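The primary structure of each chain is shown beneath.
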Amino acid sequence: MRVTDTYKFGSWLLVLFTLTAPWVLPLLVDSFWVDIYSEILIWSLLAASVNLLLGYVGLLSFGQALFFGFGMYGVAIGVVKFDLGFWSAFIFGISLATGMAAIAGSLAVRLTWHYFAIITVVFSLIFYFTALSWKPITGGDDGLPFTIPPIISFGDYKLTMTNANFQYFFIVTIVGACYWLMYRVINSPLGRAFVTVRENDARAALIGLNVYLIRLTAFIFAGFIAGVAGALFALFGRYASASYMFYHVSGEAVVWAIIGGVGTLFGPIVGTGLMIVLREELSSVWDHYLLLVGVAVILTVIFAPRGIGGAFKALAEKIARQQFSRKESGP
Amino acid sequence: MSNVPLLEVTNVNKRFGGLKALQDVNLSLETGKLHAIIGPNGAGKTTLFNVVTGTIPVTSGRIKFLGTDMTNDKIHRISRRGLARTLQIKSVFANMTVRENLWIAAQSHHGVFSPFKSWKKCVRSVEMADIICEQIGLTSLADQTASNLSHGDIALLEMGLALATEPKLLLLDEPICGMGPAETEQTVIKIQEISKSTAIIIIEHDIEVVFKIADEITVMANGTVLAKGTPESIAANSDVRNAYLGDDDDD
Amino acid sequence: MDLVFALALNGIVWGLIIALIALGLSIIFGLLDIINIAHGDFFMVGTVLAWTVLQTTGNYWLAFLLVPIIGFGLGLLINHAVIQPIKNAAALSIVATFGLSIILQESVRATYGAAPNRLVAPIQETLLLFGIQYEVYRIFAAAIAIFAICVFFGFLHKTKLGTWMRAVRFDPEIATAMGIPAHRIYMVTFGIGFAMAALGGVVAAPITTVDFQGGIDILPFCFMAVIIGGLGNLEGTVAAAVLLAFVEGIITSFTDPTIARIGSLIFMSAVLIVRPHGIFVGATR
């Protein structure tokens, strides 16, 4: 019982911190940490999309940056080329990513493990190179900057993301909604079907589950989450760039998810937060801090393949068992 | 309805490269009986199960289940038609609890996978899981993770998975393989209980058990059906004695 | 027309070097069941080591001898420190080798520096070949690559160790039961894989740039060769590498090289989905 209490307490602390961050962080450290925290929240969605696939249906995707990039370019191209408003551009970006996930997924989920990982890299590379060479549309290497349209405008009054606090809470709301959605799906019959396929796909088919369709659904959902992350990041940075579609970005997301702990809802936030804070703190002090990241990745895979979240879960279960056995043998 | 055979296998062939695993197999099984398939190793018994459940495609021939052709249909479609099986190497969902294992099997049969409802609120499957738990005698272990179960309990759970899909026909592939005498006895009783409500085809090496529980026995050898009949007629069949029971004294 | 010919020839030379590197990737996958994301960086380390040998001794030819040996040693070291500990979690091997890739790139950047360097080829002459002036070094590079590939296949088919490697690839359990020291075979395999990529680096360094990011472009190409040739099909890998580089070379002569690369990647996806065992495997398998 006490363990779930700790867990609940931790979650509430996270929520409280998130809601007060724009005032607390400048007091504690520096106001630019508010932006970094926004960034952590956005990138954690990309890690969460890796986690949905790896942690819940058992597919290792090394190409989630593709959908991040589609979300990003959808917003930028929507604003620059089609003159879309804020919401239409946002929705356009997410739809583009989700649609791409449906197409890529229908091919990719025919394969599993190594082959699946390779084909996801290949898909993301195809579009990375396309974005690089298709300069009139994507801006190639330089990227595609844009001016952010207002969210609502009444005559002269305009509500825009240039207001720092408003931007922060917009990001918090969208990211929060995504986690709520993931929570619902994971605890739904569909989420159970995901886990069943992860556990044993041959058995899952024998009890009547359409393994292909379940994997595809998960893939599209993960693509949607990555697309939201990309669309948010475009709005946050006011530009889109091909470099975010490279497989190194996908790889980083995999690293964050694994260090945070796959198969846990909040693992990706923990992993992303830890690694980004590490980067911000270390990169100014030590130019080659990436060495440390590489070592951390290998050590995690060797010694704690279930990451921080998994280690916490294991500890919680151990304590629960001890309490249980004490109750059994107690007076 | 009553004159339609439950399972009808017509001229089924299966080749793996040059190896003929099944040769012109013909079988017609009626509903409401406990059938057994026996035969030496390599006779094609498990291959027959594999083609019937859609795990591997047939090279030629037709398979009908309750009058509907389902040759080379997708595995999950065949399962939803009401054909369930257990595997020779026992397999369940290891990191899920017993209850969750049974719940997903029951839910899968109803076929609704809402992404928003809480899975614990799918009352029908929750109830079904409890009923099956009771039926296979694992109620006390319902909240244990499947990977913590004993070998015998895993075999029972696997049977429970099959039952939770409310099958019309249950295929059991060596259900008591690797069990001790006590577990064997317990499992055999369960199988007999189940056979009162569900048709069963069982592959089993333990001849004693087979002759005790089966209503009808099919003998296979070298990928073909050698004989089919009641336990008494099989016991008396000289072909079977020569080709299988006599030959196989090294087994 | 001259340009097409030169680019096609360049393609074949490049394809042979890629084949050499990709063979290492393929045996590491075939024997250890590990997708080595760091393989491009093994090549990159080879180019940097070659540059270092040239700087310290002033003799590039020494690099052809020294670098593969150093590479083999590094391979053994990495196998011991990273690969063996993750053998039980093969599913996450991609992630671990991704970490390895970060470490290799960053160590090179820390020691060698971030600026790319160009090497002067040890042979400066050009040769009149079918009407064009062609660099002799490139022909020499192709010859070295062919020689190394032949030595590798000879080793695999004619020596005891090579036979053992093939046995372990075929079935590790049976091989172990027959008394083959599978553990040592894994070690040697990884060493050879690194050595071959490093040799590829020495051969290629004078015709490309020496740069800590030099492996990033090589990796997808190696994967294409391995996949299109068929994972574990070594002869197929060589054929696919040469064929791909040749075709890309020709396409490059009348359009953007990136478009040639996109074309190859699409072809590779099709192969993965339709014929995951590669295009050279007959329908019987």
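Quick caveat: nothing in here was measured; it's all calculated off a predicted structure.

Chemist: Just checking my understanding: could you explain the overall build of chain A for this structure?
Modeler: Along the backbone of chain A there are 14 helices and four strands. For 331 residues, the compact-globule estimate of 2.2 N^0.38 gives 20 Å, and the C-alpha radius of gyration of chain A, at 21 Å, lies within 12% of that figure. Projected onto its principal axes, the C-alpha coordinates of chain A cover approximately 75 × 50 × 45 Å. When the 331 residues of chain A are sorted by exposure, 51% land in the buried category. Here the analysis covers contacts within chain A between residues at least 6 apart in sequence; of these, 75% occur between residues at least 24 apart.

Chemist: Help me out: how do you make sense of the sheet that holds strand S4 (residues 60-65) of chain B in this one?
Modeler: Picture the strands of a sheet paired through backbone hydrogen bonds; they go either parallel or antiparallel. Residues and elements named next belong to chain B. Here four strands make up an open sheet; going across it, the order is S2-S1-S4-S5 and the pairing antiparallel. If you trace the sheet from one side to the other, it starts and ends with strand S2 (19-29) and strand S5 (68-69), each paired once. Bridge count between S4 and S5: two bridges; the pairing is antiparallel. Looking at the pairing, Lys64 lines up with Asp69 of S5. Contacts from helix H1 (residues 45-52) reach strand S1 (7-16), S2 and S4 within the one sheet, and its direction differs from that of S2 by about 70°.

Chemist: Sorry, what's going on with the interface of chain C and chain A here?
Modeler: Size of an interface: often given as the accessible area lost when the parts come together. Listed by partner, the interface residues are 34 residues for chain C and 34 residues for chain A. When residues of the side of chain C that touches chain A are traced back to their parent elements, those giving at least two are helix H3 (61-86), helix H4 (93-111), helix H9 (214-229) and helix H11 (257-274) of chain C. With twelve residues, H4 of chain C is the largest single contributor of residues to the side of chain C that touches chain A. Partitioned by chemical class, the residues of the side of chain C that touches chain A number 26 nonpolar, four polar and four charged.

Chemist: Would you explain the environment of Val226 of chain C in this entry?
Modeler: For Val226 of chain C, the location among the structural elements is in helix H9. Between the alpha carbons of Val226 of chain C and Val53 of chain C there is a distance of 30 Å; along the sequence they are 173 residues apart.

Chemist: Before we go on, may I ask you to explain the nonpolar core in this structure?
Modeler: Among soluble globular proteins, nonpolar side chains are generally buried collectively. By size, the foremost hydrophobic cluster in this structure holds 274 residues, and its most contacted members are Ala19 and Ala225 of chain C. Top element by residues in this core is helix H10 (residues 211-237) of chain A. It accounts for 18 residues. Split by domain, this core shows at least three residues from each of two domains, domain 1 (1-82 + 167-251) and domain 2 (93-166) of chain B. Contacts of Ala225 of chain C, omitting those with residues within four sequence positions, involve Ile18, Ala19, Ala22, Thr237, Ala240, Ala241 and Leu244 of chain C.

Chemist: Looking at this model, I keep getting lost on the interface of chain A and chain B. Mind explaining?
Modeler: The partner chain B presents 28 residues to the 20 residues of chain A that form the contact. The leading source of residues in the side of chain A that touches chain B is helix H8 (residues 189-199) of chain A, at eight residues. Looking at side-chain class alone, the side of chain A that touches chain B contains nine nonpolar, seven polar and four charged residues.

Chemist: Would you mind going over the confidence of the model for chain C with me for this structure?
Modeler: Note: predicted coordinates in regions of low pLDDT should not be interpreted at a detailed level. Residues and elements named next belong to chain C. Confidence in the prediction of chain C, expressed as mean pLDDT, is 86, and 97% of residues score 70 or more. Highest mean pLDDT in chain C belongs to helix H2 (residues 39-57) (92); lowest belongs to strand S2 (residues 126-129) (77). Both scores are available for the predicted complex, with the pTM at 0.89 and the ipTM at 0.85.

Chemist: Please explain the pairing of S4 of chain B as it appears in this structure.
Modeler: All names here are of chain B. Looking at chain direction, S1 and S4 are connected through five bridges and run antiparallel. Within S4, the residue paired with Asn13 across the bridge is Ser60. Between S4 and S5, which pair antiparallel one after the other, the connecting turn spans two residues, and Leu66 there sits at a positive phi close to 50°.

Chemist: Before we go on, may I ask you to explain the packing of helix H3 (residues 65-80) of chain A against H10 of chain A in this structure?
Modeler: When two helices pack together, their arrangement is given by the angle between the helix axes and by the axis-to-axis distance. All names here are of chain A. Remark: H3 packs on H10, axes separated minimally by 6 Å, with the N-to-C direction vectors making an angle of 45°. One way to sum up the angle between H3 and H10 is to call them oblique. Relative to H10, the crossing made by H3 is right-handed. Counting all contacts with H3, which are made through Phe67, Phe68, Gly69, Phe70, Gly71, Met72, Gly74, Val75 and Ala76, the residues of H10 involved are Gly223, Ala226, Gly227, Val228, Ala229, Gly230, Ala231, Phe233, Ala234 and Leu235. When grouped by side-chain class, the residues that make up the contact of H3 with H10 number 13 nonpolar, six polar and no charged.

Chemist: Mind showing me how you'd approach H4 of chain C here?
Modeler: One full turn of an α-helix is made of 3.6 residues, so residues set three or four places apart face in the same direction. Taking 1.5 Å per residue, 19 residues should reach 27 Å; H4 of chain C reaches 27 Å between its end C-alpha atoms and fits that length. Here H4 of chain C lies mainly inside the structure; 14 of its 19 residues are buried.

Chemist: When you look at the sheet that holds strand S3 (residues 34-38) of chain B in this model, what are you seeing that I'm missing?
Modeler: All names here are of chain B. Spatially, six strands are ordered S6-S7-S8-S3-S9-S10 in an open sheet, and the strand pairing comes out mixed. Since the sheet does not close on itself, it has two edges, and those belong to strand S6 (83-85) and strand S10 (224-229), each with one partner. Ignoring strand direction, the axes of neighbouring strands in this sheet form an average angle of 20°. Packed onto the sheet, H1 meets S3, S6, strand S7 (169-173), strand S8 (199-203) and strand S9 (216-221) and runs at close to 145° relative to S7. Along the sheet, helix H6 (residues 181-195) makes contact with S3, S7 and S8, crossing S8 at roughly 145°.

Chemist: For this particular structure, what's the right way to read unusual backbone geometry?
Modeler: Backbone geometry places Asp83 of chain A, a non-glycine residue, at a positive phi of 60°. Note that Asp83 of chain A resides in the loop between H3 and helix H4 (86-108).

Chemist: What's the story with the pairing of S7 of chain B in this structure? I'm lost.
Modeler: Residue and element names in this part refer to chain B. By the criterion of burial, S7 is predominantly enclosed, with five of the five residues buried. What you see with S7 is no split at all: Leu169, Leu171 and Asp173 on one side and Leu170 and Leu172 on the other are buried throughout. Two elements, S6 and S7, share three bridges in a ladder whose sense is parallel. Bridging from a neighbouring strand, Leu83 pairs with Leu169 of S7. Note: S7 against S8, five bridges, orientation parallel. Residue pairing in the sheet places Leu172 in a bridge with Ile202 of S8. Running through H6, the crossover from S7 to the neighbouring parallel element S8 is right-handed.

Chemist: Is there a simple way to explain the packing of H2 of chain C against H9 of chain C in this structure?
Modeler: Residues and elements named next belong to chain C. The interhelical angle for the contact between H2 and H9, taken along N-to-C directions, is 135°, at an axis separation of 7 Å. By the angle between their axes, H2 is oblique relative to H9. Viewed along their axes, H2 and H9 form a crossing whose handedness is right-handed. Along its contact with H2, which presents His39, Gly40, Asp41, Phe43, Met44 and Thr47, the element H9 presents Gly214, Gly215, Ile216, Ile218, Leu219 and Cys222. Tallied by class, residues from the contact of H2 with H9 come to six nonpolar, five polar and one charged.

What counts, and at which threshold
Residues numbered from 1 in each chain as written. Chains lettered and ligands numbered in written order. Predicted model: local features only at pLDDT ≥ 70, side-chain atom pairs only at ≥ 80, totals over all residues. Helix = DSSP H or I, 4+ residues; strand = E, 2+ residues; numbered from the N terminus. Rg over C-alpha atoms; globule rule 2.2 N^0.38 Å. Buried ≥ 20, exposed ≤ 12 C-beta atoms within 10 Å, placed from the backbone. Contact = placed C-beta atoms within 7 Å. Pairing = 2+ DSSP bridges. Axes fitted to C-alpha atoms, helices over the stretch in contact; angles between N-to-C directions. Nonpolar A, V, L, I, M, F, W, Y, C, P; charged D, E, K, R; others polar. Core = buried A, V, L, I, M, F, W, Y, C linked by C-beta atoms within 7 Å. Domains from an automatic or database assignment. pLDDT = per-residue confidence, 0-100. Parallel < 35°, antiparallel > 145°, perpendicular 65-115°, else oblique. Left-handed = near helix turned anticlockwise from the far one by under 90°. Expected span 1.5 Å × (residues − 1). Right-handed = clockwise from strand over helix to strand, strands pointing away.

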